[in-house]
Amino acid sequence: MSAAPPAVPTRFVRTAHVARKERAEGVARFLFFLMAAAMVVPLCAILGYLLWKAAPALHLGFLLDVPKKGMTEGGIWPAFVGTLYLVGMSLAVSAPVGVLAAVYLNEYSRDNAFTRAINLAVINLAGVPSIVHALFGLGAFVYAAKFGYSILSASLTLAIMTLPVIIASTREALASVPHSFREACWNVGASRWQTIQAVVLPNSISGILTGLILQVSRAAGETAPIMFTGAVFYKAVQRGDLFPYRLDEQCMALSMHLYTVATQVPNVQEAIPYATAVVLLGSVLLVNATAVTLRVWLRGRKRW
Amino acid sequence: MTDAAPLAIETRGLDLWYGDFQALYGVDVRVRAGIITSLIGPSGCGKTTLLRCFNRINERYPNVRTGGVIRVLGEDIYDPSVSLIELRKAVGMVFQRPNPLPISVYENVVFGLRVHTPRGELKRAALDEAVEKALTEVGLWKDLKDRLHDRATTLQLEQQQKLCIARLLPLKPDIILMDEPCSALDVEGTRAIEELMFELRGRYTIVIVTHNMAQARRASDECVFLLLGKLIEHSRTADLFLSPKEARTAEYIEGRYG
Ligand SMILES: Nc1ncnc2c1ncn2[C@@H]1O[C@H](COP(=O)(O)OP(=O)(O)O)[C@@H](O)[C@H]1O
Ligand SMILES: [Mg+2]
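Heads up: these notes are all about the structure in this document. Keep in mind that this is a model prediction, so the values were computed, not measured. (Residues numbered from 1 in each chain as written. Chains lettered and ligands numbered in written order. Predicted model: local features only at pLDDT ≥ 70, side-chain atom pairs only at ≥ 80, totals over all residues. Heavy atoms only, no water.)

A look at the overall build of chain B
When you go through chain B residue by residue, the secondary structure sums to 10 helices and 11 strands. Here the C-alpha atoms of chain B give a radius of gyration of 19 Å, agreeing with the 18 Å that 2.2 N^0.38 yields for 258 residues. With the principal axes as the frame, chain B shows a C-alpha extent of 55 × 45 × 40 Å. When burial is assessed residue by residue, chain B has 53% of its 258 residues classed as buried. The long-range fraction of contacts in chain B, counting pairs at least 24 apart against all pairs at least 6 apart in sequence, stands at 68%. Accessible surface computed for chain B: about 12,000 Å², of which carbon and sulfur atoms make up 51%. Looking at chain B, you have 34 positive and 35 negative side-chain charges, and the mean spots of the two groups are 2 Å apart. (Helix = DSSP H or I, 4+ residues; strand = E, 2+ residues; numbered from the N terminus. Rg over C-alpha atoms; globule rule 2.2 N^0.38 Å. Buried < 20%, exposed > 50% of the residue type's maximum accessible area, 1.4 Å probe, protein only. Contact = heavy atoms within 4.5 Å. Areas by Shrake-Rupley, 256 points an atom, 1.4 Å probe, with all protein chains shown as cover. Lys, Arg positive; Asp, Glu negative; His and termini not counted. Charge placed at Lys NZ, Arg CZ, Asp CG, Glu CD.)

Set out below in structure tokens:
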């Protein structure tokens, strides 16, 4: 046996300097926690305030009904369906193009002038303000391509706007698949395309989907691009009609409708703008929640 | 009743779990001060895990639980009054891959001093002296004295590993833990690090993990053989390799498994 250990430790005691360091650590940790917690406050405040103001108008009828009496009463069905059309159409274009482009950039391209130019373009496009995309959509789709003011023009504009972000997030998801997985495939003689199908896509799908879905909510919230290219103040539609629009027609949209009832129309029932905001926000949160659930589920199946 | 040499590290009934998986089972190990002790055993037997217990760095992993007693330099390191900061100052660690920080050689060596000394008390002259002393001790001073302000990550791997050892020295550690410090190095580098260990022997207690048995044999005074998280045998290196007491040890050093 070694000598009996002293009752009070003498070796690793806190010196004054150590105590100071530990106090600084405590302060830092608390501050960081505070900042993280502060994130939650505005979200709860916004949600609470909106719900409280919107309460009188919040019932299923508000969602299914059409606006009445010069939009001062009634519901928001045409705008809701319009937003579904716009977002669905734009995603139908931007998702395949964006994902395939990202696969090319991440899996096939070598580091040369051409790919660097593409990368630069992607990064810069992601930073272009939406109002500029709106103007581009107006020139390119409405006038040059002669699609006119229409759902088609508006969704193509939204697609162009979301594409660079989709490319960037997809590339990130692809890059997070360990390189060793690809090597394992190549070393049994799989082609690149087989490797992509067999290991790269299955293992990055959760990241790719999350990126896509986040762009859904962004597209649903934008006003400028659709206002210039295809959204309209009012359109007469049947209550609850799921297919009220043709693609070459203009449509109503939630974001634009919110702007209209909040600022353009006099004597609107007080709860209507708030309820419209709640529906917009609720749809976005619902979509995001789906993304999170999907991600958790897919990650649960991931075994590395 | 006292041992001939004082103990640097002593564990009693040390258990460790990663979640539900138990990685160490009742390990009783007694590492004597001032000598080189090697931990050997097949891959996954818990060498790294045991080593990382000695400065409580395992706690940084989520869901690690430990049981039993660990004494370092006679102190129970789980005593609430023990300061982790002071413990890690006294028990330094060198990793498998050299991990110099991407700053200058000079700043790497004085990094620990800067962390452990109030800013006002750091004198340039003292820092310069500490750098020269530490680099001399690991045999880098001649090569690097004109390159002190080069980025440490541009050095050769062997120099990087020596630098990682030098980084510990200004803090005057008692114990240096090395986790397979040569596995990223070539033959020359390995020899250089082993020679350095002999240089440091006596002034520091060195515990080295290796899965290279020849290295354990060349470079250590005592040898601890672990298998599946249990300590099988601990004896003088010469004895362990010439006349192992346990059949499992004999089979391992003959190369029957592992
Ligand atoms: N962070 C960890 N989480 C879960 N299990 C771990 C972790 N680190 C090591 N293990 C497991 O503990 C056992 C011992 O690991 P380790 O100490 O690294 O072995 P060695 O260094 O002897 O090769 C292994 O079975 C390993 O899988
Ligand atoms: Mg190990």
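A few points about the site of ligand 1
All names here are of chain B. Taken together, Tyr18, Phe21, Ala23, Ser43, Gly44, Cys45, Gly46, Lys47, Thr48 and Thr49 make up all the residues around ligand 1. Here Tyr18 contributes a side-chain N or O atom positioned 3.4 Å from a nitrogen atom of ligand 1. For ligand 1, an oxygen atom lies 2.7 Å from a polar atom in the backbone of Gly44. Out of a free accessible area of 560 Å², ligand 1 has 63% covered by protein chains. Listing elements by their share of the shell around ligand 1, those giving two or more residues are strand 2 (21–27) and helix 1 (47–53). Looking at the shell around ligand 1 residue by residue, the classes come out as four nonpolar, five polar and one charged. (Near = heavy atom within 4 Å. Polar contact = N/O pair within 3.5 Å; in protein donor to acceptor, adjacent residues only side chain to side chain. Nonpolar A, V, L, I, M, F, W, Y, C, P; charged D, E, K, R; others polar.)

Focus: the packing of aromatic side chains
On inspection of all chains with the given rule, the structure shows nine aromatic pairs over all chains. Ring centres of Tyr49(A) and Tyr274(A) lie 5.9 Å apart, and the angle between their planes is 85°; this geometry places the pair in the edge-to-face category. Residue Tyr49(A) is found in helix 1 (residues 16–54), and its partner Tyr274(A) is found in helix 11 (residues 271–301); the two are separated by 225 residues along the sequence. Relative accessible area serves as the criterion here: at 22%, Tyr274(A) is assigned to the partly exposed category. Residues Phe136(A) and Phe141(A) carry aromatic rings whose centres are separated by 6.1 Å and whose planes lie at 80° to one another, so their mutual orientation is edge-to-face. For Phe136(A), a relative accessible area of 44% translates into the label partly exposed. On the basis of relative accessibility, which here comes to 14%, the residue Phe141(A) falls in the buried class. An aromatic cluster is present here, built from Tyr49(A), Trp52(A) and Tyr274(A) joined pairwise through their rings. Over the ring of Trp17(B) we find Arg65(B), and its NZ or CZ is 4.7 Å from the ring centre. (Phe/Tyr/Trp six-rings, centres within 6.5 Å; stacked < 30°, edge-to-face > 60°. Lys NZ or Arg CZ within 6 Å of the ring centre and 35° of its normal.)

Here we look at the side chain of Glu194(B)
Of note, Glu194(B) is situated in helix 7 (residues 187–200). Residue contacts for Glu194(B): discarding those within four places in its chain leaves Gln215(B), Arg218(B) and Ala219(B).

Structural notes on the sheet that holds strand 4 (residues 36–40) of chain B
Residues and elements named next belong to chain B. Spatial ordering of the open sheet is given by 7-8-9-4-10-11, a layout of six strands whose pairing is mixed. Each edge of the open sheet carries a strand with a single partner, namely strand 7 (91–94) and strand 11 (230–236). Ignoring strand direction, the axes of neighbouring strands in this sheet form an average angle of 20°. By the bridge criterion, six bridges tie strand 10 (residues 222–227) to strand 11 in an arrangement that is antiparallel. Across the sheet, residue Glu222 finds its bridge partner in strand 11, namely Arg236. Here helix 7 sits on the sheet in contact with strand 4, strand 8 (175–179) and strand 9 (205–209), set at roughly 155° to strand 9. (Pairing = 2+ DSSP bridges. Axes fitted to C-alpha atoms, helices over the stretch in contact; angles between N-to-C directions.)

Thoughts on a nonpolar patch on the surface
Residues and elements named next belong to chain A. On the surface, Val27, Phe30, Leu31, Phe32, Phe33, Leu34 and Met35 cluster together into a nonpolar patch covering about 750 Å² of accessible area. Looking at the element boundaries, Val27 is found in helix 1. Take Val27: its relative accessible area is 51%, and that puts it in the exposed class. (Patch = residues over 30% accessible without salt bridge, like charges linked within 9 Å, V, L, I, M, F, W, Y side chains within 5 Å. Salt bridge = Lys/Arg side-chain N within 4 Å of Asp/Glu carboxyl O.)

A few points about the state of the cysteines
All names here are of chain B. In this structure the tally under the stated criterion is zero disulfides over all chains. Cysteine Cys45 is unpaired, with the sulfur of Cys223 as its nearest cysteine sulfur at 12 Å. Looking at Cys164, it has no disulfide partner, and the nearest cysteine sulfur is the one in Cys182, 12 Å off. Since its relative accessible area comes to 2%, Cys164 is described here as buried. (Disulfide = S-S within 2.5 Å.)

Concerning the nonpolar core
Ranked by size, the top nonpolar core spans 40 residues in total, and within it Phe62(A), Leu86(A), Ile226(A), Tyr245(A) and Leu254(A) carry the most contacts. Within the residue set of this core, elements represented by two or more residues are helix 1, helix 3 (77–108), helix 6 (151–175), helix 8 (192–221), helix 10 (254–264) and helix 11 of chain A. Ranked by residue count, the leading element in this core is helix 11 of chain A, at eight residues. In this structure, Leu86(A) is in contact with Ile151(A), Ala154(A), Ser155(A), Leu158(A), Ile226(A), Cys251(A) and Ala253(A), ignoring residues within four places of it in sequence. Residues Ile36(B), Leu155(B), Ile193(B) and Ala219(B) belong to the second largest nonpolar core, which totals 37 residues. (Core = buried A, V, L, I, M, F, W, Y, C linked by side-chain atoms within 4.5 Å.)

Observations regarding the pairing of strand 2 of chain B
The two faces of a sheet get side chains in turn, since along a regular strand they alternate between them. All names here are of chain B. Pairing analysis gives four bridges linking strand 1 (residues 7–18) to strand 2, with the strands arranged antiparallel. Each residue of the ladder has a partner; that of Trp17, found in strand 2, is Gln22. Between the antiparallel neighbours strand 1 and strand 2 lie two residues, among them Gly19 with a positive phi of about 60°.

On their own, these measurements won't tell you what the molecule is for.
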